[in-house]
Structure formats: structure tokens, C-alpha cells
Amino acid sequence: MDARQGETGRGPPEAATGGTRPAGRLRPRSLSTLAPPAAVRQDRGLDAFISYSHRDAEFVHQLANALEHAGLVVWIDADDIPAGAPWRDELGSGIEAADAFVFVLSPDSTVSEECAKELARALDLGKRLVPVLLRAVDRIPAGLDAVQYVDATARDVASTARLTAEAITVDRDWLRQHTQWLARALRWDDRGRSKGYLLRGSELDAAAAWLARQREGHVPPPTALHTDYVGASRAAEKHRLRVLLGAAIAAVLVSSTFAVIAFLQRGEAIEQRSSAESRALAAASVSQLAVDPELSVLLGLEAMEEADTPEARDAIRRALVESHVRAAWEVSDGVSDLAVAPDGDVVAVGAHDGTLVLADAATGADRWAVQAAGTPIRRVLFDASGSRLLTSSDEGIVQLWDAVSGDSLAAVPGTSGAFSPDGERIVTAGDDGSARLFSAADGRALAELSGEAPMTGASFSPDGESIVTIERNEEIVRVWDVAAARATEIGSFDLLVSEAMFVGDSRVVVRAAFDTTVWDVPAGRLVAQLGMSFVVVPSPDGDRVLTASVDGTSSVWTTDGEEVAVLRTPHGGFVRDAAWSADGSRVMTAAADRLAQVWDAATGDVLAPLRAHTGSANAVSFGPDGHTVLTGDGTGIVRVWDLPDAVVLRGHGAWDAPLDERAADLRSVDFSADGEQAVTTATDGTARLWDVRTGAEVLDLPGCERASEPFSCLSGAVMLDHASFIIDGEIRPDGEAVLTVGSDGTVQVHALDGTRLGRFGQGTADGLAAASFDPSGARVVAAGTDGMAQIWEVETGAQLATMRVGAAVTDARFTPDGQFVLTSDEDDELELWRADDGAHVRTVAEDAGEVGGIDLTADGRFVVAPVDEGARVYDVDSGAEVVTLLGHTGLVTSASFSPDGRFVVTSGFDRTARIWDARTGSELAVLRGHEDVLWAATFSPDGRHVATAAEDATARIWVCEACTSDDELGRAGRSAVTREFTPAERSRYLGG
């Protein structure tokens, strides 16, 4: 609301109206008397609070009237406040009591201070947000910008009210309980968190059960206050039960018979209470996933210790996926910089108090520590061999250290220093206007490059033949030919120059106060402007530049100034450090928001958010393997993280034909029975076999006399026999042959040496969608776009049965016993057929979606099918829908069970694969890294890996961290944590 007097009339009525209500102002809705929000809640519930500028009052009154006619109770305007009531307090109470917060967007409301305060209060309370766009605005306030708004600009009031009512009332039971428990929690918080206001008994059970439901993805999620309130209630109840249990035991000594009965009853009650407490702890675990995943693991383990509930297991699995930290240790003070040795064995850490520490990169065990400076160490660098270290600080001394012993080798003047690429020389920048070169072996002076003003930076080109320097005051950047001691001035800048460095051998990137620029040195010209940045890091190959800004945004650019990727989830504070992986495929940024993020350098997708930092994330570095990263924060904690990674299978489309003519979209992927190999098929007309451990294509196949690059005997034979795109493929159960489906309308079976074993189908273009083997590998069933599914015998090629589905068949699968076939079709039906004669048995489901990629559990009891942006699991016998899997933001293309049926993996247009609990529907993991649509995803035979295939011409093999068995779950959780609960965490969650 807008309380600006004279402009809006909002605020205490007398402030704007002289104590007289304007005509036509609204009375409280659906109430016979003026009543505060608390009374509304006790009566029938307050559905929504409407925040708006008074300039939009006419529309809002009409909207409120329409909502009232729809049976909703809304709170608007100062008229809904009893006479004499504190104006701001009552507005705040109205927001607290309402299930939803409606914000009418207009140019006036978006600049209103009162509306901003009301929105802030609604965000604090975790209210459901329903923006209604009345008039176009320049910006949508933070907090509302991620919410789909109701567009009233082209609708009448009635239509707008209908859509607004739908947004307010969806999932109303969850919403009402969100408000109910929040009101209780607020009362407890207002009363100094007194125990007298905590929940007990059935109320506690109900609140804990509601909190545990957050894993189902309800919106809005519980707030931290919800979690604190239920946790404190649970801890108090646990203490009370212990007292009661003690009394029950004492009663045994007085009256054994009745006491034993009471004790057993009490034991049953305690067991029930333990289950409730386990669910509450599991809910707390889930609530911490986006804050501190390692704490989530600890809470999940505590939940399982309390009682082995499905919620506890689910919480641990989700936490294992999100928590990547594998080791942590503390240095003497806040970390200012760190560097990992080239072999990855050790890490050098510079601290704010001037301490330099060399530690084991895996465990944190100190090798040595020295007091290197009296001020913060600004930079730590290893040479190319990893045997020497270079440090610089604000003391104007650059120091050289023996990385093995910690002995000081040399101390030379300079504000900064850098090794040459070969590690043989050091260059320093000095306040006297000179850049000096020294021997890295002993600190012996080699050369001096004299400028005209104090130098603040100097670094080598990748070939070591040039040096770029910065001269302060004049803000001049020069590039020096080291051998000739001759300089070329790039330019004199109007603004303070903070950094200058080479990008490749002939270009230099310059970071000035408000702009980062790229210069072509030989041509002496500006080639790109990259905008303002706080951190600049060139890629290892020198083709790109990573920039990060004070507003938390980061970008990857070509050296010509093309922005190729933007961090999709900006940091909430300014970025302090950034780094590239050695292969240049990923970058990592660390910021003042206590978060480090690893993201894809081509797409900007976040691959791993590294949470749990206790202070600002100040320094980051990739390990040389690219799978491990290290971070240091402002509290002095260094952490080692394992990145979720995948083996990439890359090679389709790699021959002379232009890719735009011979596309290489991967359409299927399947594991061999032993899980050691995988076959992929693609629109380049080949089927390729891969070693899943190394990612190498298997070219020397059994029976091949000669493997012609880049084709194996298998891929060459498939390409020649089909002469078309390959749209599906599968390895025969015995692992000795491969089935492929071509866009030429044929199914072919080839031995691994390329020998054709069978060819089926009509050979009509676009005639088939998919095919698969029966469990024995003797038969093949194919799904036809002509409305039929057909079964052939591989050995003879004889057609055994035809199933006349009617609509175009999108997939067909044998049941595990081989007696039946299940089909999916474009009429959204799942049908069951007899495999021996093709007779129809029954319709399993009628709304299963038209996209293929269905799968059955190993016992044949359940089938999973993609449906629009989700997937559904059905009971094959009854046709009942067991669970719905929702979370993708695009069309789902395939769904597959794990071998034990416990999990499901889906693939989709949103470029992700997702792992689900097949029993509860909980989303356990999201696999990110592909750059285009995913067409297939499947589990390995042991259920510990997932393979995905996408339009980006790659397949990937992922470790499924969530797919741990129930028996191993506790052990996996304990091995994934590096710490115990802090006293504050123990008090908050465990009550002691």
C-alpha cells in the first residue's frame, strides 16, 4: 500500500481524508462487523491481502468485489482496520493472517515505499505471492520477478478475478496450514520463544507431518520460523516424554502388572513420537538443502537415528546429491588466496594475518606454515613444476619459497609478482616505476624495464616473450618485448586501471574502474568492451575471458567481445574470485554471499552450488583433474569439494561431412549387461560402442580384421545398411549384438563385428518410432507410426504377431517374462497385448501421454510413462496411477526404472535428467551439463550409474549418488560429512 498523503489517501483514514471515509470505499469483506485479522482467521480464514497504490483503487475495488462473489475473504485498504487501531500494526497483522499476498503491479505501486514494506513483510513470512499486472511497469520488484503474474492489461475484471482466485486457492489445504502454523510460530516468537507457546501431542504431530510434506514441492515452502518452531516443540516434547518414561519406570517398582501395561503403552507412544520426530528432522534437513547441504546430511542421519522413516531416507539421499564437501580444515585467519599445485597433491593458502600454509590437498594436514608478511597475502602462485611458491602482499615485497621445505629463497621489491610460463623467471612491478626480472632459482636479478610512473602490475604472455605492465597515476598500460626491452603503449586510460593481463599471445585484457576492454597488441587497437567487472580471468586456451561484477553477475566472452554465456543464477553479493577448469569447459565463481558456484562455460548453467561457507567465499581453485575444487572463506576454513561429474561420450558426426548437413543428435543410449559398455545411436547414421569407464569409443571390436577410423565395424555396417538417421538402439541382453531403428522404417540387428543378423520392417520412410528385444534376445518388437506394433523372430526374420493399436505407436516393450507387449501411442493410451498372437488384453491407462520412452520394472508390476512435463507410474494389473513425477520445465522424452525398481530417471527438453524415488515421487537429483534437449536416459545394470543422450552430440555417464540402497544409506551419509553439529545447531534442532 502507498501511504503518501495527498497522493494516495492511504494510511490512517484521517491522514488523507480528514476523518471522513471517501464514498465507495470498501467495507471489510464477508464479515458482519469490523474485525481484526485474528478474528477473521478464527472465523473462516483470510484468503488474501491486497497491496496496491490508491491510484489503482477503482480497479482494486472491482477485483475485490469479484473475488468476494467467488467466495473469497480479502483484506484491503485502511477501511479494513477498526477505528482507533494502530494503522501499520493492523496492516502487518493482515498480511500475517492471509493465506496469499496479492500485489497489483502498476508504475505507482512499484515505486511506493509502503507497498515495498508490505511486500518485504510478505516475503519474510513466506506468503504465496500473486502478482496482478494492471499497467506495464519498468521493473517488477525483487521477489515478484520469479513469479508468474496474472495479466490484467488485456482482460476484463471478471477474467482477471477468476485467474487470481485460482492462483490464491490452489493447494488450499497446504496454504491454510502454512498460515495456521505460522500464526502459532509468530506468537511463540513474539513471546520470547517461551515454552508455554510450543506445540504438544496431536498438534505437534500434525505440524510435523505438514512440515515433512515440503519434500512434495508445495508452494510456498515453510519458512525458517516454521522449522524453528516445530523443532523447538519437538525438543521440548522429547524432554517431556523422557520425564514421563522415567515416571513410568518408577511406577514399575510400585505396581508391576499395571506399570508394565502402562510402560508398553508408553513405549508404543514413544515409538509413534519417534516417527514424528524423525519426520520433523527430515523436514528440517530438506529445508537446509539450499543453505548448508552438509547440515542437511547431519539432520538426515539424526532423523534416521530417531526412526527409520521414508522421509529420513529421502532426506539423506537428497542431501548426498547436494553436499559435495569432502574435507575441511582451518587456517590461522581468513583466507585471502589459495593455489593448488600442478600435480594436485598440495594447496598453498595465504591468510589475512600474513600466514602462508602448505597443506595436503586431500586431508588438510599441514606440511609447513610460515609468517610470510605482516599484512594480508594478496596472491599465492606455484611455478610450473610445483616446487616453488611466490607470494605478494601490501608490504611491497615479493617472496619466493621452497614449496617442499617452506624455506625462503628470495625476497625482492615489488607490489606484485608472477612466474614466467616455464617457471624459470619472475617479474615484479615496483613503486619506483620499474618492472624487474629475477631468476626463479635464486632470486638473481636478470633485467629491468623502466617506465614513467609507479607500477602496480606485471605479468608474462603465454609464450613468455612479452610482459604487460600497469603504471599508476598516468594509468598507462604497456606491452614489453622482453628480449629487446622495448615497450608498446596500449593506451592511457581515464579511469583507475586495476589489472592487465594477456589473453593469448597477442591480446591484452585491461580492467579499469568502469569498463573492461580487450586490445589487439600488434594492431594497437581496441577490439572489445566487456563492461564493468570486479574479477577478470582469461581461459586456459586464451580464447575467452571470464568477468565477474560487484552485483553478483558473471559472464564468459570471446576476445572479440561476444558474450557466450551468462551465469544463470547470479550471486547475492559481489564476486571475489573466479577460476577456470584446465579444459576450459567450466568456471567457478566465489562471492560475498558465502556461495561458490561451478557452472558451464558454454551455457551458464550452474552445475554445482557449493554451500556451507561460514563467511564470504574469498578464494577458489580447480584441482588439475577438474573433478576437485578447493575454496577458502573469510573465517579461515578451506574446503575440498568433489564435483558431480560425468564421463562424456563424444564422437558422433566426426567425419568430413559438414555438421549442418549430417547432424549428430543422439537419440538413444543403452548399457551392456555387464555395465562396462554402452551403445549410442544418432542422426549421423551410426551406432557407436563405448567404454563407459574411459569414454573411449571401442573401435577394435571382436571379429574385426581392421577398424577404419573414425568408424568401427559396427558403426560402419549400421550406417551402410540403414543409409538413414538412427532413431533408437539397444544392446541385446547377451551383449553380443545391437539393434538399431532407422528413419528408413527398418529395424536391423548387427553383431559387434558388423555382421547383419536380421532386418525387419517395411522400409517406408518415418515408419517406426522405437524397437526393443525380448528378454531372451530372440524376438524384436517395433512401434510403428502406422498404428501397428509388430514382432519378428531375429534368426529367421519371420513376422510372428501384429498388434493393431490404431493410433501411431510411440513405444513398445516386452514384459519381463516375454509373454506380453506394452505399447504407448499418440492417443495417450498404454495397451497390453499377448506376444504370441498379438491379441489385445486390456487398456492399462488412458492418459499416459503420446511421447515414447516407457519402461517396466523387473517384475513387470509397474510401468512408467512420460506425460507432458512429467512422468507417471502405473500399476500394470489395475491401471491405477501410483505416483506422479513433476519437476521438469519442458517436455519429458523418456522414463526408465532402476534395476530394483526403486528409482526412476527421466530426460527432457529442459536439458536435464532427473532422478526420482519411484515410491514417493520425490525428486532426488538433477543432472545438468548437456547443452541441448535430452532424448534418452537409462540406468546401468547395477543401478549406480545413469547414461543420458542429447542433441548436443554427446552421451554422458553419471554416478547416481542418490541411488544408494537403504542398507548402505547411513554409512554413505556418515562418510559424506566432515563435521559434527555446532552447539547452536544442536540447540536449535535437537534441543540440547
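Description of the structure in this document. Treat the numbers as computed from the prediction; the structure is a model and nothing was measured.

Next up on the list: the overall build of the protein chain. Of the regular secondary structure elements, the protein chain holds 15 helices and 64 strands. Within the protein chain, buried positions represent 57% of all 992 residues. Per element, the accessible surface of the protein chain, about 39500 Å² overall, is 48% carbon and sulfur.

Pairing is antiparallel across the open sheet formed by four strands, whose spatial order is β11-β12-β13-β14. Every other strand in the sheet has two partners, leaving β11 (377–382) and β14 (408–413) as the edge strands with one partner each. Across the sheet, the mean angle from the axis of one strand to that of its neighbour is 20 degrees, orientation sign disregarded.

Along the chain, the position of Ser-112 falls in the loop between β3 (98–105) and α5 (113–124). Of the polar contacts made by the side chain of Ser-112, one reaches the backbone nitrogen of Cys-115; its length is 3.1 Å.

So, about the packing of aromatic side chains. In the structure shown here, the tally under the stated rule is eight aromatic pairs. Consider the rings of Phe-101 and Phe-103, whose centres lie 6.4 Å apart with planes at 40 degrees: the pair is tilted. Judged on exposure class, the residue Phe-101 and its partner Phe-103 are both buried. For the ring pair Phe-534 and Phe-574, a centre distance of 5.4 Å and an interplane angle of 70 degrees mean the geometry is edge-to-face. Of this pair, Phe-534 sits in the loop between β26 (525–531) and β27 (535–538) while Phe-574 sits in the loop between β30 (563–566) and β31 (575–580), and the two are 40 residues apart along the sequence. With relative accessibility at 35%, the residue Phe-534 sits in the partly exposed group. Every member of this aromatic cluster is reached through a ring pair, and the members are Phe-49, Phe-101 and Phe-103. Residue placement shows Arg-511 over the ring face of Phe-534; its charged tip is 5.9 Å from the ring centre. In this structure, Arg-667 is placed above the aromatic ring of Trp-935, and the distance from its NZ or CZ to the ring centre is 4.5 Å.

A few words on a negative patch on the surface. Judged by side-chain charge, Glu-826, Asp-827, Asp-828, Asp-868 and Glu-869 come together as a negatively charged surface patch. Tracing the backbone shows Asp-868 in the loop between β55 (862–867) and β56 (870–875). Owing to a relative accessible area of 54%, Asp-868 belongs among the exposed residues under this scheme.

So, how was this worked out
- Residues numbered from 1 in each chain as written.
- Predicted model: local features only at pLDDT ≥ 70, side-chain atom pairs only at ≥ 80, totals over all residues.
- Heavy atoms only, no water.
- Helix = DSSP H or I, 4+ residues; strand = E, 2+ residues; numbered from the N terminus.
- Buried < 20%, exposed > 50% of the residue type's maximum accessible area, 1.4 Å probe, protein only.
- Areas by Shrake-Rupley, 256 points an atom, 1.4 Å probe, with all protein chains shown as cover.
- Pairing = 2+ DSSP bridges.
- Axes fitted to C-alpha atoms, helices over the stretch in contact; angles between N-to-C directions.
- Polar contact = N/O pair within 3.5 Å; in protein donor to acceptor, adjacent residues only side chain to side chain.
- Phe/Tyr/Trp six-rings, centres within 6.5 Å; stacked < 30°, edge-to-face > 60°.
- Lys NZ or Arg CZ within 6 Å of the ring centre and 35° of its normal.
- Patch = residues over 30% accessible without salt bridge, like charges linked within 9 Å, V, L, I, M, F, W, Y side chains within 5 Å.
- Salt bridge = Lys/Arg side-chain N within 4 Å of Asp/Glu carboxyl O.
- Lys, Arg positive; Asp, Glu negative; His and termini not counted.
- Charge placed at Lys NZ, Arg CZ, Asp CG, Glu CD.

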